[in-house]
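What the coordinates show
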Amino acid sequence: MKRVLIVDDEINITMIIREGLRVLEDCEVLVATDEQMALAEIEAGCIDVLVTDYRMPGQNGLKLIAQAKERYPNLQAMIVTAYSDGTLHEEAKALGVAHVLTKPMRLDRFRQLVQELLTITTV
């Protein structure tokens, strides 16, 4: 079974995304609302796709992805954000982030992108 970790400090966002991914077969969707919870989930088991918000209290999503990729270099990652700037895309690309999506996003498009990342995971 594939595992997707959703990280966002807004619990409503995580629940909407989680519900939107329920239709994916053979996929477990985990949720974390801060960096400590996210790192605990990453350490506890293999995550195939990490989806994180960019701006969160304490640490931003790029730093979280960098930490996760230290342990799992082939981890597929995606950022969702309401605050996109020019450097975010460049930094994300340098880390190997597959997609940077701007909120609000279309849930069907998001689900399609996650599905694509799940098919290429090699973790």
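In case you missed it, the structure is sitting above this.
Here goes a summary of the coordinates provided.

Attention now goes to the packing of aromatic side chains. Inspection of every chain in the model, using the stated rule, returns 0 aromatic pairs. When the ring centre of Tyr83 is taken as origin, the NZ or CZ atom of Arg55, which lies over that ring, is 4.3 Å away.

Turning our eyes to something else, we now look at the state of the cysteines. A full pass over the atoms with the stated rule returns 0 disulfides. With no disulfide of its own, Cys27 lies 12 Å from the sulfur of Cys46, the closest cysteine sulfur. According to the relative accessible area criterion, Cys27 is buried, its value standing at 15%. The partly exposed category is assigned to Cys46, whose relative accessible area is 31%.

In this section: the environment of Asp8. Checked against the element boundaries, Asp8 lands in the loop between strand S1 (2–7) and helix H1 (11–21). Here Asp8 falls in the buried class, since its relative accessible area comes to 1%. When the C-alpha positions of Asp8 and Asp34 are compared, they lie 6.7 Å apart, and in sequence the two are 26 residues distant. When neighbours within four sequence positions are excluded, Asp8 is seen to be in contact with Ile13, Thr14, Ala32, Thr33, Asp53, Met56 and Lys103.

The next thing to look at is unusual backbone geometry. Following Lys103, the chain continues to Pro104 via a peptide bond in cis, the omega torsion being -10°. As for its position among the elements, Pro104 is in the loop between strand S5 (99–102) and helix H5 (107–120). Positive phi, close to 55°, is recorded for Asp26, a residue that is not glycine. What makes Asp26 exposed here is its relative accessible area of 56%.

Definitions and limits used
- Residues numbered from 1 in each chain as written.
- Predicted model: local features only at pLDDT ≥ 70, side-chain atom pairs only at ≥ 80, totals over all residues.
- Heavy atoms only, no water.
- Phe/Tyr/Trp six-rings, centres within 6.5 Å; stacked < 30°, edge-to-face > 60°.
- Lys NZ or Arg CZ within 6 Å of the ring centre and 35° of its normal.
- Disulfide = S-S within 2.5 Å.
- Buried < 20%, exposed > 50% of the residue type's maximum accessible area, 1.4 Å probe, protein only.
- Helix = DSSP H or I, 4+ residues; strand = E, 2+ residues; numbered from the N terminus.
- Contact = heavy atoms within 4.5 Å.

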